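# Observations on the three-dimensional arrangement
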Amino acid sequence: MGYEEAALRRVRELKNQEKVRILALETSCDETAAAVVENGRTILSNVVFSQIDLHELYGGVVPEIASRAHMEACDRVVDQALREAGMTLEETDALAVTRGPGLVGALLTGVNCMKGLAFAAEKPLIGVNHIEGHVSANFLTSPELEPPFLCLVVSGGHSHLVEVTGYGEYRLLGQTRDDAAGEAFDKAARVLGLPYPGGPRIDKLAEEGNPEAFTLPRPKTEGPYDYSFSGLKTAFLNLVHGMEQRGEELPKADLAAVFRRAVCEELTGKAERLLRDRLDRGERPAMALAGGVSANRELRRRAQEMCGRLGVPLYMPRLELCTDNGAMIGAAAYYRLLREEIAGLRLNAEPALRLI
Ligand code: KG4
Ligand code: ZN
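Here is a short report on the structure shown in this document. It should be emphasised that the depicted structure is a prediction, and the values quoted were computed from it without experimental measurement. (Residues numbered from 1 in each chain as written. Chains lettered and ligands numbered in written order. Predicted model: local features only at pLDDT ≥ 70, side-chain atom pairs only at ≥ 80, totals over all residues. Heavy atoms only, no water.)

## A word on the sheet that holds strand S5 (residues 125–129)
Reading across the sheet, the five strands line up as S3-S2-S1-S4-S5 and stay open at both edges, with mixed pairing between neighbours. With partners counted over all chains shown, the strands left at the sheet margins are strand S3 (42–50) and S5, one partner each. Within the sheet, the average angular offset between the axes of one strand and its neighbour, ignoring direction, is 20°. Packing against the sheet, helix H4 (residues 104–121) makes contact with strand S1 (21–26), strand S4 (94–100) and S5, and its axis sits at approximately 160° to S4. (Pairing = 2+ DSSP bridges. Helix = DSSP H or I, 4+ residues; strand = E, 2+ residues; numbered from the N terminus. Axes fitted to C-alpha atoms, helices over the stretch in contact; angles between N-to-C directions. Contact = heavy atoms within 4.5 Å.)

This is the structure we're talking about:
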């Protein structure tokens, strides 16, 4: 029996097994991360090796450096994840890896690493969509959460409002027409001279600033649940450059607070419109946040306030599960495995893979 036939047979057995433990690897951008996750819900280990130090010097992720660093770190991170879970590779039930979207070289490193392990250890392999991973981080933090629910996906590359209609099933309700929220945070941070990655730095600085020190125009979009951040970014750039030209010292904390307020107001404003529309239709929606920007303190506070006011349950990943990690890939993989959606050895990196 060939590898693929054996893998499918194994998956059919696993579907009836009480405990399914998946070893997952994530290498789509600048973290080499591996984890062991049980039944898509319980983290047995979660190891994240961040490359921030390597890219900081360049003010952003350098794809070539990322690929090489993933290659060097993969085996070590996988070994550590197994060790921390108290397991051997043989004892795992299946393997999973991010197949896209992301940097092609970075993705390929992970895909090749896991294909090799899957073939050698004769384990089924699941190729996971990175964005589905972010959404699935909620299953790790909130064991009671089940579809359907609405989800605001906000990362370095995405700003989407989606409806999770079932495990692995999505309906796109709105999306950004230009920049993603994370991208906007990173660019604004650069304008303020803050080091990469900018989002978390703006967030921290903003805690000490006055969000009403300046005003920024609010974005206009066509679709009721669509986003736009490029106008906001340009207005912010002009505000800062104007101050620089006048030789004024930049009130960085205030500027960070003003920008963060504008982005978060936009994010929760559209989410609120969606929730109100659903409530008006007599539905009882639930809301989740996902992606790196869901670590943002103001976004979390605003989402809590909004959902509390509307009487809508809110789910948010624990902070360390908001940004890239292996556990979220293991969680998403479990539900793909239940649908027998496994990858063959022809699995390839898909840098522009979409969720919907
Ligand atoms: O989800 P993620 O780790 O990677 C992608 O899939 O893109 O998201 C990274 C993005 C970066 O743009 C980063 O600046 C932003 O999330 N981010 C934040 C915060 N933490 C991470 N943005 C605002 N506030 C934060 N606390
Ligand atoms: Zn991500």
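## Quick word on helix H6 (residues 181–191)
Given 3.6 residues per turn, any residue in an α-helix points the same way as the ones three and four places further on. Restricting attention to buried positions, one finds in H6 the residues Ala181, Gly182, Ala184, Phe185, Ala188, Ala189 and Val191. Those residues of H6 that are buried lie in contact with strand S6 (149–154), strand S7 (159–166), helix H7 (198–206), helix H8 (230–245) and helix H9 (252–280). Phi for Gly193, located one or two positions after H6, is positive at around 75°. (Buried < 20%, exposed > 50% of the residue type's maximum accessible area, 1.4 Å probe, protein only.)

## What to know about the pattern of salt bridges
Taken as a whole and assessed by the stated rule, the structure comprises 35 salt bridges. Notably, a salt bridge pairs Lys187 with Asp179, separated by 3.6 Å at the nearest N-O pair. The exposure class assigned to Asp179 is buried, which follows from its relative accessible area of 9%. We note a salt bridge from Glu265 to Arg302, for which the minimum N-O separation is 3.6 Å. Placement of the pair is Glu265 in helix H9 and Arg302 in helix H10 (residues 297–310), with a sequence separation of 37 residues. The structure contains a network of salt bridges with shared partners spanning Asp203, Glu207, Glu212, Arg218, Arg260, Arg261, Glu265, Arg297, Glu298, Arg301 and Arg302. (Salt bridge = Lys/Arg side-chain N within 4 Å of Asp/Glu carboxyl O.)

## Some points on the packing of aromatic side chains
In total, this model carries nine aromatic pairs according to the counting rule given. Centre to centre, the rings of Phe185 and Phe259 are 5.9 Å apart; their planes meet at 80°, and the pair counts as edge-to-face. Placement of the pair is Phe185 in helix H6 and Phe259 in helix H9, with a sequence separation of 74 residues. Accessibility assignment for this pair places Phe185 and Phe259 in one class, buried. Here the aromatic cluster, defined as three or more aromatic residues joined through ring pairs, consists of Phe139, Phe149, Tyr167, Tyr334 and Tyr335. Positioned above the aromatic ring of Phe49 is the side chain of Arg76, whose terminal nitrogen or guanidinium carbon lies 5.2 Å from the ring centre. (Phe/Tyr/Trp six-rings, centres within 6.5 Å; stacked < 30°, edge-to-face > 60°. Lys NZ or Arg CZ within 6 Å of the ring centre and 35° of its normal.)

## Considering the packing of helix H5 (residues 130–141) against helix H12 (residues 327–338)
Look at H5 against H12: their axes get within 7 Å of each other, and the N-to-C directions meet at 95°. One element, H5, and the other, H12, form an angle in the roughly perpendicular class. Where H5 approaches H12, its residues His130, Glu132, Gly133, His134, Ser136, Ala137, Phe139 and Leu140 are matched on the opposing element by Ala327, Met328, Ile329, Ala331, Ala332, Tyr335 and Arg336. (Parallel < 35°, antiparallel > 145°, perpendicular 65-115°, else oblique.)

## Some thoughts on the coordination of the zinc ion (ligand 2)
The zinc ion (ligand 2) binds to the protein through His130 (NE2), His134 (NE2) and Asp324 (OD); the donor distances cover 2.0 to 2.1 Å. Relative to the metal, the six donor atoms surrounding the zinc ion (ligand 2) lie at angles of 55 to 163°, and the coordination shape comes out irregular. Along the chain, the residues donating to the zinc ion (ligand 2) are arranged with the sequence spacing H-x3-H-x189-D. One end of the pair is His130 and the other is His134, both in helix H5 and four residues apart, which spans about a single turn. For the pair formed by His130 and His134, the shared burial category is buried. (Donors = N, O, S within 2.8 Å, 3.2 Å for Na, K, Ca; no water. Tetrahedral: all angles 85-135°; square planar, octahedral: opposite > 155°, others 65-115°.)

## Topic: the site of ligand 1
Around ligand 1, a shell composed of 18 residues is seen, among which His134, Gly156, Asp186, Gly292 and Asn296 lie nearest. Residue Asp324 places a side-chain N or O atom 3.1 Å away from an oxygen atom belonging to ligand 1. Alone, ligand 1 offers 550 Å² of accessible surface; in the complex the protein occludes 87% of this. Only H5, H6 and H7 provide two or more residues apiece to the shell around ligand 1. (Near = heavy atom within 4 Å. Polar contact = N/O pair within 3.5 Å; in protein donor to acceptor, adjacent residues only side chain to side chain. Areas by Shrake-Rupley, 256 points an atom, 1.4 Å probe, with all protein chains shown as cover.)

## Points about the nonpolar core
Here is a general trend for soluble globular proteins: nonpolar side chains tend to be buried in one another's company. Within the largest apolar cluster, 47 residues are counted, with the highest numbers of intra-cluster contacts made by Leu152, Leu161, Leu192, Phe259, Leu267 and Met287. Per-element accounting of this core gives the leading share, twelve residues, to H9. Ala137, Cys151, Ile329 and Ala333 belong to the second-largest nonpolar core, a separate cluster that totals 38 residues. (Core = buried A, V, L, I, M, F, W, Y, C linked by side-chain atoms within 4.5 Å.)

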